[in-house]
Amino acid sequence: MLDDKNFSVLMSVYKNEDPKHFIDSLESILNQTIKPSEIVLVRDGQVPKELQEIIDRYVNTYDFFNYIPLEEN
């Protein structure tokens, strides 16, 4: 069965990401029939406050986020 499989989703975000598109992407991943066992989210350098707040909200809400903040792009 597919739902017995573990899989990860890797995504990155950088300073020019549209916050709405970023949220839409995260929500799309979270609303799939089969959920990932892990979401690896790489912050590629510094991001604006609005994006960082979105990152923090998701990382603090879901325990399966593996957040990797890189200081430089």
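Preceding this section is the structure that the text describes.
Just so you know, these numbers come straight off a predicted model, no measurement behind them.

Each value, and the rule that gives it
- Residues numbered from 1 in each chain as written.
- Predicted model: local features only at pLDDT ≥ 70, side-chain atom pairs only at ≥ 80, totals over all residues.
- Heavy atoms only, no water.
- Axes fitted to C-alpha atoms, helices over the stretch in contact; angles between N-to-C directions.
- Helix = DSSP H or I, 4+ residues; strand = E, 2+ residues; numbered from the N terminus.
- Parallel < 35°, antiparallel > 145°, perpendicular 65-115°, else oblique.
- Left-handed = near helix turned anticlockwise from the far one by under 90°.
- Contact = heavy atoms within 4.5 Å.
- Pairing = 2+ DSSP bridges.
- Expected span 1.5 Å × (residues − 1).
- Buried < 20%, exposed > 50% of the residue type's maximum accessible area, 1.4 Å probe, protein only.
- Arc of directions from axis to C-beta.
- Right-handed = clockwise from strand over helix to strand, strands pointing away.
- Polar contact = N/O pair within 3.5 Å; in protein donor to acceptor, adjacent residues only side chain to side chain.
- Core = buried A, V, L, I, M, F, W, Y, C linked by side-chain atoms within 4.5 Å.

Tell me what's going on with the packing of helix α1 (residues 19-30) against helix α2 (residues 49-61), and back it up with residues and numbers.
Between α1 and α2, the least distance of the axes is 10 Å, while the angle of their chain directions is 15°. Taken as axis vectors, α1 and α2 run roughly parallel relative to one another. Handedness of the α1/α2 crossing: right-handed. On α2, the residues that touch Pro 19, Phe 22, Ile 23, Leu 26, Glu 27 and Leu 30 of α1 are Glu 50, Leu 51, Ile 54, Ile 55, Arg 57 and Tyr 58.

Describe the sheet that holds strand β1 (residues 8-13), listing the residues and the values that go with them.
The sheet built from three strands is open, its strands ordered β1-β2-β3 with parallel pairing. This sheet does not close on itself; its edge strands, each paired only once, are β1 and β3 (65-70). Strand-to-strand twist across the sheet, computed as the mean angle between neighbouring axes with direction ignored, equals 15°. Direction of pairing for β1 relative to strand β2 (residues 38-44): parallel, over a ladder of six bridges. Residue pairing in the sheet places Val 13 in a bridge with Arg 43 of β2. Strand contacts of α1: β1, β2 and β3, with the helix running at about 175° to β1, the strand carrying the most contacts.

Please give an account of α1 that cites residues and values.
Note on helix geometry: an α-helix contains 3.6 residues per turn, so any two residues three or four positions apart are oriented the same way. Helix length check: α1 (12 residues) gives 17 Å between terminal C-alpha atoms against 16 Å at 1.5 Å per residue, within 8%. Within the sequence span of α1, burial applies to Phe 22, Leu 26, Ile 29 and Leu 30. In a view along the axis of α1, the buried residues occupy a sector of 100°, so they form one face of it. Where α1 is buried, its residues meet β1, β2, α2 and β3.

Summarise the pairing of β1; cite the residues concerned and give the values.
Burial along β1 is one-sided: the face carrying Val 9, Met 11 and Val 13 is buried and the face carrying Ser 8, Leu 10 and Ser 12 is not. On the question of chirality, the crossover connecting β1 to the parallel β2 by way of α1 is right-handed.

Talk me through the side chain of Arg 43; I want residue IDs and the actual numbers.
With respect to the helices, strands and loops of the structure, Arg 43 is situated in strand β2. Of note is the side chain of Arg 43, whose polar atom sits 3.3 Å from the side chain of Glu 71. Contact partners of Arg 43, with chain neighbours within four places excluded, come to Val 13, Gln 52, Ile 55, Tyr 67, Ile 68, Pro 69, Leu 70 and Glu 71.

Before we move on, can you summarise the nonpolar core with the specific residues and values?
Formed by 15 residues in total, the largest nonpolar core has its most connected members in Phe 22, Leu 26 and Leu 41. With near-sequence residues (within four places) excluded, Phe 22 lies in contact with Met 11, Val 13, Glu 17, Leu 41, Leu 51, Ile 54 and Ile 55.

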